[in-house]
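Structural characterization, general
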Amino acid sequence: MTGPRTLETKARHVRDTWARHCNVALFMSSETDERFPAVGLPVQEGRHQLYWKTIRAFQYVHRHHLGQADWFLKADDDTFVVMANLRWLLAGQAPERPVYFGKRFKPFVKQGYMSGGAGYVLSKEALRRLVAAFASRTCTHTSAIEDLALGQCLEKLGVEAGDSRDTRGRETFHPFPLERHLTESLPLDRFYPQYSYYPVQWAAACCSDLSVSFHYVSGQQMYELEYLTHRLRPYGYRPRYRPPLPPGTPPAPTHRP
Amino acid sequence: MMSESSSFVKGMVLGGAFCMLVTLLGHIKVGNGTKAHHHEHHHIQAPNKEDVLNLSEGERVELSKSIRVYCIILVKPKDLGHWAAVKETWSKHCDKAEFYSSENVKVFDSVTLNTNDMWVMMRKAYKITYERYKDEFSWFFLAYPTTFAIIENLKYFLLKKDPSQPFYIGHTMKSGDLEYVDGEGGIVLSIESLRRLSHVLEDSDKCPEQGGMIWKLAEDKQLAICLKYTGVFAENAEDSEGKDVFNTKSVGALIKEAMSTHPQQVVDGCCSDMAITFSGLAPNHMHVMMYGVYRLRPYGHTYNDALVFLPPAGSDND
């Protein structure tokens with residue numbers, strides 16, 4: 001999700017880094033930009049229209065791209081995503097099931113809801129139900145708080161809030177930048193432990209080796225993370241965490257040296 | 001009376017100035033004094049992937065264990081935050097790492113050098129290191145506490161280099177005629193270089209403790225001068241694409257530069273996949289590097305590496 005004012009300052013760096021690893025990447029704005037390319041949705045910019053913008057985006061995707069994917073990720077132009085790890089997370093999941101994954105928050109919604117900034121991913125069935133609900137007015141624009149309002153709607157529709165933690169119980173979607181999760185020993189935000197659905201873990205345990213997302217990432221940091229994740233590596237190092245393949249997944253490709 | 005005393009004063013001043021000048025000149029080494037060596041940049045490369053695959057399984061295991069790196073980190077009490085970060089992060093991957101401190105600090109173990117002067121610290125650290133560890137390690141890596149190092153990549157880089165040869169490797173700079181390894185990027189010496197250094201350190205003409213009369217030369221330059229006398233020359237370390245593997249800046253600073261010089265190819269143009277050091281890091285950044293280098297990775301990418309390094313015991317952030 002982006003806008004005319006941040007297209008070149010933020011979305012561009014997303015486009016040139018992690019978005020390349022998506023099967024389809026769409027940049028949702030309030031103005032069409034042929035060259036970028038960005039989709040112009042019929043909304044205004046601003047917090048008060050954020051939920052509408054998200055709904056319009058999902059409606060657009062449903063109308064034009066439903067057949068092109070099984071899972072539908074919404075991220076912001078300051079979210080960094082490791083697509084390979086999202087694929088790992090979803091590998092054992094059925095897109096026909098109504099489920100969505102993200103950084104799970106506890107309050108306000110019984111089954112919890114997913115942080116907007118950390119990014120969340122809907123199964124094909126979840127997307128179908130969402131779009132149908134808006135068409136039938138089962139869900140409406142209840143508030144401008146995008147992630148909360150969406151979470152309330154999805155719960156109503158029987159879409160399950162999934163557990164995105166890795167096999168050691170470490171979080172994969174992160175609502176703050178990497179440095180804050182790793183190094184802040186005081187609560188990141190007074191409310192973070194109260195919001196977090198699962199107990200907050202600090203320091204090295206904050207984050208899975210196979211993390212999927214970080215939020216509040218600047219353009220420069222997108223490239224830094226891309227370099228640290230995909231390029232720089234310790235030669236010959238065998239990592240501590242070597243998770244098993246989820247059942248039914250094809251074997252991983254090996255780099256030819 | 002007046003004219004006599006003013007002459008005397010003039011005489012004293014002139015004499016003093018002349019004396020200083022002579023002493024200064026005595027410290028300035030003219031190039032001709034050293035062994036004649038053609039001016040060239042020395043570049044040294046990481047082994048090719050093909051070279052490495054020609055090794056048998058047994059050779060690979062032997063090699064992984066045989067490259068032993070001893071790490072010297074020069075610290076002062078004011079660096080306590082960085083010191084703690086280095087101790088908790090990359091230094092655990094050295095075969096042995098010790099902190100050489102200007103003065104004793106209660107909270108951490110260190111080898112106390114009892115001097116604040118960086119060149120004297122460096123001399124003492126190398127001397128002590130040679131005396132204690134000359135039979136135990138083949139490679140010696142010296143760093144400042146603002147540096148982050150990936151020892152596995154250092155070992156890969158050193159894979160086919162013979163430590164009984166005089167290697168002096170890092171990120172090189174030129175100062176006039178002198179090519180030296182910039183301390184910020186880390187300094188690598190083979191045991192042979194360390195052996196030669198330990199001898200020349202005793203030579204107060206070639207390698208004095210007091211650097212210069214009026215202004216002191218930085219310790220990394222002093223080191224280069226002393227080593228040059230023993231026939232050891234600085235070499236810049238590069239990967240197979242010609243990119244530096246020892247960096248004197250942080251990833252952030254290098255990415256920022258790349259964003260302005262080649263915005264279409266930021267990550268490609270920035271830094272080596274096999275980088276060994278980055279510098280100018282705050283303590284928090286060390287933890288971020290640790291996670292980013294050793295842990296965060298895209299699922300499904302596997303490699304056919306010729307060496308195997310296991311995580312150190314009793315650690316949780318790698």
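Here the residue numbering is sequential within each chain, running from 1 through the sequence in written order. All chains are assigned letters beginning at A, and all ligands numbers beginning at 1, according to the order in which they are written. With pLDDT at 70 or above as the cut-off, local features in this predicted model cover only qualifying residues; side-chain atom pairs require 80 or more to be listed or tallied, and sums for whole chains, interfaces and linings still use all residues. Hydrogens and waters are ignored; side-chain quantities use all the structure's heavy atoms.

**Remarks on the sheet that holds strand E8 (residues 120-123) of chain A**
All names here are of chain A. Sheet architecture is open: four strands sit in the order E3-E8-E5-E9, paired in mixed fashion. With partners counted over all chains shown, the strands left at the sheet margins are strand E3 (71-74) and strand E9 (160-161), one partner each. For two strands to count as paired, DSSP must find a minimum of two bridges between them. Numbering of helices and strands runs from the N terminus; a helix is a DSSP stretch of H or I covering at least four residues, while a strand is a stretch of E covering at least two. With three bridges connecting them, strand E5 (residues 99-102) and E8 associate as antiparallel partners. From the neighbouring strand, Tyr 100 faces E8, where its bridge partner is Leu 122. This element, helix H2 (residues 50-65), spans E3 and E8 of the sheet and lies at about 150° to E3. The sheet contacts of helix H3 (residues 83-90) involve E3, E5 and E8, and relative to E3 the element is tilted by about 135°. Whether two residues are in contact is decided by their heavy atoms, any of which lying within 4.5 Å being enough. To obtain each axis, a line is fitted to C-alpha atoms, and for helices this fit is confined to the stretch in contact; angles are then taken between N-to-C directions over 0 to 180 degrees.

**Some words on the nonpolar core**
Grouping buried Ala, Val, Leu, Ile, Met, Phe, Trp, Tyr and Cys residues that are joined through side-chain atoms within 4.5 Å yields what is termed a nonpolar core. Summary of the burial criterion: residues with accessible area below 20% of their type's maximum are buried, those above 50% are exposed, and those between are partly exposed, where the area comes from a 1.4 Å probe applied to protein chains only. With 63 residues, the main nonpolar core has Trp 90, Phe 141 and Phe 148 of chain B as its most contacted residues. Dropping the residues within four chain positions of it, Phe 148 of chain B is found in contact with Thr 89, Trp 90, Ile 276, Thr 277, Phe 278, Leu 281, Met 286, Met 289, Met 290, Val 293 and Tyr 294 of chain B. Counting 39 residues, the second largest nonpolar core, distinct from the first, contains Ala 11, Ala 19 and Leu 86 of chain A together with Leu 296 of chain B.

**Here we look at empty space enclosed by the protein**
Residue and element names in this part refer to chain A. Grid points spaced at 1 Å and placed over the protein atoms alone form the basis of the search, with a cavity being a set where a 1.4 Å probe fits but cannot get out and a pocket an open set showing protein on both sides within 12 Å along at least five of seven lines. Lining residues have an atom within 4 Å of a point. Grid points are joined across faces, edges and corners, and a volume is the space filled by probe spheres set on the points. All told, the structure shown has one cavity of 30 Å³ or more when counted by the stated rule. Estimates place the volume of the largest cavity at around 120 Å³. Along the wall of the largest cavity there are 15 residues; nearest its centre are Glu 171, Tyr 192, Val 200, Gln 201 and Cys 206.

**Observations regarding the UniProt feature "domain: Fringe-like glycosyltransferase" (unreviewed entry) in chain A**
UniProt positions are given in the numbering used here, feature names are shortened, and annotations may be inferred rather than shown by experiment. Taking the numbering used here, the UniProt-annotated feature "domain: Fringe-like glycosyltransferase" (unreviewed entry) corresponds to residues 12-161 of chain A. A helix fraction of 34% and a strand fraction of 16% characterise residues 12-161 of chain A, whose end C-alpha atoms lie 31 Å from each other.

**A word on the state of the cysteines**
The rule for a disulfide is simple: a pair of cysteine sulfur atoms within 2.5 Å. On inspection of all chains with the given rule, the structure shows five disulfides over all chains. Between the sulfur of Cys 139 of chain A and that of Cys 153 of chain A lies a disulfide, 2.0 Å long from S to S. On the sign convention where negative means left-handed, the S-S torsion of about 100° between Cys 139 of chain A and Cys 153 of chain A marks this disulfide as right-handed. Note that Cys 139 of chain A is positioned in the loop between helix H4 (124-135) and helix H5 (146-156) and Cys 153 of chain A in helix H5, a separation of 14 residues in sequence. For the pair shown, Cys 139 of chain A and Cys 153 of chain A are each scored as buried. One disulfide bridge connects Cys 207 of chain B with Cys 226 of chain B, the sulfur atoms lying 2.0 Å from each other. An S-S torsion of about 95° defines the bridge between Cys 207 of chain B and Cys 226 of chain B as right-handed. Of this pair, Cys 207 of chain B sits in the loop between helix H7 (191-200) and helix H8 (219-229) while Cys 226 of chain B is found in helix H8, placing the two residues 19 residues apart along the sequence. The same class applies to Cys 207 of chain B as to Cys 226 of chain B, namely buried. What connects to what in chain B, once the bonded cysteines are numbered by sequence position, is 1-2, 3-4, 5-6. For chain A, numbering the cysteines in disulfides from first to last along the sequence yields the connectivity 1-2, 3-4.

**Examining the packing of aromatic side chains**
Between two aromatic rings, the relevant description is the distance of the centres plus the angle of the planes. Residue and element names in this part refer to chain A. The rule is short: rings of Phe, Tyr and Trp, with Trp giving its six-membered ring, pair when the centres are within 6.5 Å, and they are stacked under 30 degrees, edge-to-face over 60, tilted in between. Enumeration over the complete set of coordinates arrives at 25 aromatic pairs over all chains. Measuring from centroid to centroid gives 6.0 Å for Tyr 51 and Phe 134, while their planes differ by 70°, and the two rings are edge-to-face. Remark: Phe 134 occurs in helix H4 and Tyr 51 occurs in helix H2; sequence separation between them is 83 residues. Phe 134 carries the same exposure label as Tyr 51, and that label is buried. Centre to centre, the rings of Trp 71 and Phe 101 are 6.3 Å apart; their planes meet at 50°, and the pair counts as tilted. You can see Trp 71 sitting in strand E3 and its partner Phe 101 sitting in strand E5, a full 30 residues away along the chain. Residue Trp 71 shares its accessibility class with Phe 101, and that shared class is buried. Counting every residue linked through ring pairs, the aromatic cluster contains Phe 105, Phe 108, Tyr 113 and Tyr 195.

**Section: the pattern of salt bridges**
Residue and element names in this part refer to chain B. By convention in these notes, a salt bridge is any Lys or Arg side-chain nitrogen within 4 Å of a carboxyl oxygen on Asp or Glu. Under the definition given, this model contains 27 salt bridges over all chains. In this structure, the salt-bridge partner of Glu 202 is Lys 127, at a minimum N-O distance of 3.7 Å. In this pair, Glu 202 sits in the loop between H7 and H8 while Lys 127 sits in helix H5 (residues 118-133), placing the two residues 75 residues apart along the sequence.

**Some thoughts on the confidence of the model for chain B**
Residue and element names in this part refer to chain B. Looking at chain B, pLDDT values average 88 and 83% of them are 70 or higher. Predicted confidence is poor over residues 22-39, with pLDDT under 50, and the contacts of this stretch with residues over four places away or in other chains come to 12 contacts. The ipTM for the predicted assembly is 0.94, set against a pTM of 0.89. Each residue carries a pLDDT score, the predictor's confidence in it, ranging from 0 to 100.

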